[in-house]
Amino acid sequence: MASSGEEPRSGSLGRAGTGTESVPTSDTAQLDTLEDFEVLDEEEEEEEDLSELPPLEDVGRPPAPPREDAQPSERGGGDAPGDPEEWLDVLGSGLLKKKTLVPGQGVDTRPRKGQDVTIRLKATLEDGSVVEENPALTFTLGDCDVLQALDLCVQLLEMGETALIVSDAKYCYGAQGRSPDIPPNAALTLEVELLKAQDAPDLELLSGKEKVELANRKRERGNFFYQQADYVLAINSYDIALKIIGSSSKVDFSPDEEAELLDVKVKCLNNLAASQLKLDHYEAALKSCNLVLEHQPGNIKALFRKGKVLAQQGEYREAIPILKAALKLEPSNKTIHAELSKLVKKHADQKNVETEMYRKMLGNPSAAGAPGKCKDKLPWSIPWKWLFGATAIALGGVALSVVIAARN
């Protein structure tokens, strides 16, 4: 089976997970590369609920009182009201704090969601180890292109402002960390300076190559979130990538560029279905699989996942032929074999249950009940008493008719 061979690896804080490297060539790996994410026997990790995070527009709030554990001011005087070095509790939970080191040019110069911003970034661990330095990191604000800590706080910066951001691991690399330099559950301190903010480029004016590159960046960010088990954010990134691909264009694309865009679209839809399946959004996942199959009817990943979605819905009769079609395309794939065998057994069990239910509904709960009763009785046998009675009534009727006729 053709496979993209992509797999995220550790990258920068701004664009983590955007590198590529080779992957194993086993059957499972071939089917479950980055565009699949499905391993049948993997243990499901408990995903973190990010749905309760406030929207980006609501993160601004009055400055909270200085915390006792706040870092001491480097220049002193940080306890005075209105002091630029006062800590701001961004979310009100104490897990994400911001402190201005160098004031900016005013509130009116803050960037807006959807703009492309450029920042200077320096990231350190609690022990002071520097894990990232980037003199000019550019990303789209609000698109989750970077760590949540940056996405949430940069919109609060004024142009030219330098700020210190202290973030819990929840808004950085979480329980997974980033090998080899960021351990699991590591808090980060980010020094950020806002250098530039401008409107994002018009999608209609992008060339085919530019569209492919932009969509791929969003897709790779979705891959990073998937590996972090942040399926909601992964879906968000894949949706943005698909929006870029599907946007109208005033530029003519070459056949090669059209093919590249279709390839990225198929990968995004396959990954989108994987994320939706993780969240038990079966109808949405089924729609994503069908969209892939409209473009590529023989796409093994889409067939495999569609079969899994139908199986999760208990539609074994529909799921089995789809998995058989995938197996026909790749007969040696052990993952499809295992899933198909499991569904065949479940379907057989389901049929047995239905048969027993119908038997009870028809009043014959057990075919083995009363084995000797009426054994020799034919279905058309008529009791002799009933036959004798019917004959007597018929003869009586004939006699009565004769008497009435004689009287007349």
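- The name given to the protein chain in an unreviewed UniProt entry is peptidylprolyl isomerase, and the organism recorded there is Calidris pygmaea.
- UniProt, in the comment section headed Catalytic activity (unreviewed entry), describes the protein chain in these words: "[protein]-peptidylproline (omega=180) = [protein]-peptidylproline (omega=0)".

## Focus on the overall build of the protein chain
Then, number 1: Helix and strand content of the protein chain: 10 helices and six strands.
Then, number 2: Looking at the protein chain as a whole, 43% of its 408 residues qualify as buried.
Then, number 3: Looking at the protein chain alone, contacts between residues at least 24 apart form 68% of all its contacts between residues at least 6 apart.

## So, the sheet that holds strand 4 (residues 130-140)
Then, number 1: Spatially, 1-2-5-6-3-4 is the arrangement adopted by the six strands of the open sheet, whose pairing is antiparallel. One side of each edge strand has no neighbouring strand; the edge strands of this open sheet are strand 1 (87-89) and strand 4. Neighbour-to-neighbour, the strand axes of the sheet open up by a mean angle of 25°, direction not taken into account.
Then, number 2: Both strand 3 (residues 115-124) and strand 4 contribute to a ladder of eight bridges, which runs antiparallel.

## Side note on the nonpolar core
Then, number 1: Membership of the largest hydrophobic core comes to 85 residues, with the highest contact counts inside it found for Leu-96, Ile-119, Val-154, Leu-188, Leu-190 and Val-192.
Then, number 2: Looking at which element gives the most residues to this core, the answer is helix 4 (residues 231-246), with 10 residues.

## Brief notes about the side chain of Ser-275
Then, number 1: In this fold, Ser-275 is placed in helix 5 (residues 255-278).
Then, number 2: Looking at Ser-275, the relative accessible area reads 0%, which means it is buried.

## Details of helix 6 (residues 282-295)
Then, number 1: Over its 14 residues, helix 6 runs 21 Å from end to end, which matches the ideal 20 Å to within 8%, given 1.5 Å per residue.
Then, number 2: Every buried residue belonging to helix 6 is among Tyr-282, Ala-285, Leu-286, Ser-288, Cys-289, Val-292 and Leu-293, and all of these are buried. For helix 6, the buried positions fall inside an angular range of 160° around the axis, keeping them on one side. Residues of helix 6 that are exposed and point over 90 degrees away from its buried face: Glu-283, Lys-287 and Glu-294.
Then, number 3: Residues of helix 6 that are buried make contact with helix 5 and helix 7 (300-312).

## Points about a nonpolar patch on the surface
Then, number 1: A contiguous nonpolar surface patch, about 380 Å² in accessible area, is contributed by Met-357, Met-361 and Leu-362.
Then, number 2: Turning to its location among the elements, Met-361 is positioned in helix 9 (residues 334-361).

## Quick word on the packing of aromatic side chains
Then, number 1: Within this structure, the stated rule accounts for three aromatic pairs.
Then, number 2: With centroids separated by 5.0 Å and ring planes inclined at 65°, the aromatic side chains of Tyr-226 and Tyr-231 adopt a geometry described as edge-to-face.
Then, number 3: Cluster of aromatic residues (ring-pair linked, three or more members): Tyr-173, Phe-224 and Phe-225.
Then, number 4: The side chain of Lys-97 reaches across the aromatic face of Trp-87, ending 5.2 Å from its centre.
Then, number 5: Above the plane of the ring of Phe-225 lies Arg-221, whose end atom (NZ or CZ) is 4.7 Å from the centre.

Parameters at a glance
Residues numbered from 1 in each chain as written. Predicted model: local features only at pLDDT ≥ 70, side-chain atom pairs only at ≥ 80, totals over all residues. Heavy atoms only, no water. UniProt positions renumbered as here; feature names shortened; annotations may be inferred. Helix = DSSP H or I, 4+ residues; strand = E, 2+ residues; numbered from the N terminus. Buried < 20%, exposed > 50% of the residue type's maximum accessible area, 1.4 Å probe, protein only. Contact = heavy atoms within 4.5 Å. Pairing = 2+ DSSP bridges. Axes fitted to C-alpha atoms, helices over the stretch in contact; angles between N-to-C directions. Core = buried A, V, L, I, M, F, W, Y, C linked by side-chain atoms within 4.5 Å. Expected span 1.5 Å × (residues − 1). Arc of directions from axis to C-beta. Patch = residues over 30% accessible without salt bridge, like charges linked within 9 Å, V, L, I, M, F, W, Y side chains within 5 Å. Areas by Shrake-Rupley, 256 points an atom, 1.4 Å probe, with all protein chains shown as cover. Salt bridge = Lys/Arg side-chain N within 4 Å of Asp/Glu carboxyl O. Phe/Tyr/Trp six-rings, centres within 6.5 Å; stacked < 30°, edge-to-face > 60°. Lys NZ or Arg CZ within 6 Å of the ring centre and 35° of its normal.

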